[in-house]
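Structure at a glance
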Amino acid sequence: MNTVSTNAAPGTPGPAAAEPSPASAPPLAPKTASARRGLTVTWHQQHKKSLTTGERAADTMRNSMGSWRFVGGFVLFMILWAVANSFASGWDPYPFILLNLFLSMLAGLQGAILLISAKRQDAIAAALAQHDFDTNIAAKTDIEALLEINNRQLAMIGDLQAILERLDLPTRSAGPTPATND
């Protein structure tokens, strides 16, 4: 595979760079060498790399606390707590005030963690919406360019038809040559 190397920074044109013509580079061609080789990095992969430790922890906790495994494990924990404190001389006798305190603290932490994660999801949704908008604007520009090309081609076809009609007109006006019988 042929590659061209320049000393320019990525994303900046080199000193002799010019705008590619539509014939030399289609508008949907990959822009980077890694994209041409199939090594594209998606927006989500780039975003995951930019997360802070706290954001990763919030996502991990949200994903684990929002599962049936967590719910089942927590119900099992509460049943074991109740059994251990009901039949034996436990540290938290019935109405389980200490358990209620732990549940309240857990609910407060879960609320904060879920809000952090929801805020991040809103930011991701906003970024994706902006990306979609930018893509739509670029597509609109490309479609308008294609429509302009189409209109020029239609005008050329009309001109060619007019030329053909003018060239064909003298032969039609002369009519067929009469056949002679000798």
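One can find the structure itself at the top, above this paragraph.
Here the structure is a predicted model, which means the values were calculated and not measured.

**Regarding the overall build of the protein**
When its secondary structure is counted, the protein shows five helices and zero strands. Along its sequence from the N terminus, the protein presents helices and strands in the succession α-α-α-α-α. In the protein, the share of contacts with a sequence separation of at least 24, taken over all contacts with a separation of at least 6, comes to 50%. Split by element, the accessible area of the protein, about 15300 Å² in all, is 65% carbon and sulfur.

**Focus: the pattern of salt bridges**
A full pass over the atoms with the stated rule returns three salt bridges. When the shortest N-O distance is used, the salt bridge between D59 and R62 registers 3.5 Å. Of this pair, D59 and R62 both sit in helix α3 (residues 53-65), separated by three residues, roughly a single helical turn. For D59, the salt bridge identified is with R120, shortest N-O distance 2.2 Å.

**Here's the deal with the environment of W91**
Positionally, W91 belongs in the loop between α4 (68-86) and α5 (97-174). On the basis of relative accessible area, W91 is assigned to the exposed category, the value being 56%. Between the alpha carbons of W91 and W81 there is a distance of 10.0 Å; along the sequence they are ten residues apart. In contact with W91, other than residues within four places in its own chain, are W81, A84, N85 and L98.

**A short note on the layout of surface pockets**
Roughly 170 Å³ of internal volume is contained in the second largest pocket. As for the second largest pocket, its lining consists of W43, H44, H47, K48, L51, D59, R62, N63, R120, Q121 and I124. Elements with a contribution of two residues or more to the lining of the second largest pocket: α2 (43-49), α3 and α5. With four residues, the single largest contributor to the lining of the second largest pocket is α2.

**What to know about the side chain of S117**
Relative to the assigned elements, S117 resides in helix α5. Owing to a relative accessible area of 1%, S117 belongs among the buried residues under this scheme. Those residues in contact with S117, other than ones at most four positions away along the chain, are A58, D59 and R62.

**Notes on a nonpolar patch on the surface**
Among the surface-exposed residues, W68, V71, V75, I79, V83 and F87 lie close enough to one another that they form a single nonpolar patch of about 690 Å² accessible area. Following the sequence through the fold, V71 ends up in helix α4.

**Section: the packing of aromatic side chains**
Applying the stated criterion to the full structure yields six aromatic pairs. Ring plane angle 90° and centroid distance 5.9 Å describe the contact between W81 and F102, whose orientation is recorded as edge-to-face. Placement of W81 in helix α4 and of F102 in helix α5 is noted, with a sequence separation of 21 residues between them. Between Y94 and F96, the ring centres sit 5.6 Å apart and the planes meet at 80°, which makes this aromatic pair edge-to-face. Under the relative-accessibility criterion, F96 is labelled buried at 12%. Site record: aromatic cluster; members linked through ring pairs are F70, F74, F77, W81, W91 and F102.

The rules behind each value
- Residues numbered from 1 in each chain as written.
- Predicted model: local features only at pLDDT ≥ 70, side-chain atom pairs only at ≥ 80, totals over all residues.
- Heavy atoms only, no water.
- Helix = DSSP H or I, 4+ residues; strand = E, 2+ residues; numbered from the N terminus.
- Contact = heavy atoms within 4.5 Å.
- Areas by Shrake-Rupley, 256 points an atom, 1.4 Å probe, with all protein chains shown as cover.
- Salt bridge = Lys/Arg side-chain N within 4 Å of Asp/Glu carboxyl O.
- Buried < 20%, exposed > 50% of the residue type's maximum accessible area, 1.4 Å probe, protein only.
- 1 Å grid on protein atoms, 1.4 Å probe; cavity = no way out; pocket = protein on both sides within 12 Å on 5 of 7 lines; lining within 4 Å.
- Points joined across faces, edges and corners; volume = space filled by probe spheres on them.
- Patch = residues over 30% accessible without salt bridge, like charges linked within 9 Å, V, L, I, M, F, W, Y side chains within 5 Å.
- Phe/Tyr/Trp six-rings, centres within 6.5 Å; stacked < 30°, edge-to-face > 60°.

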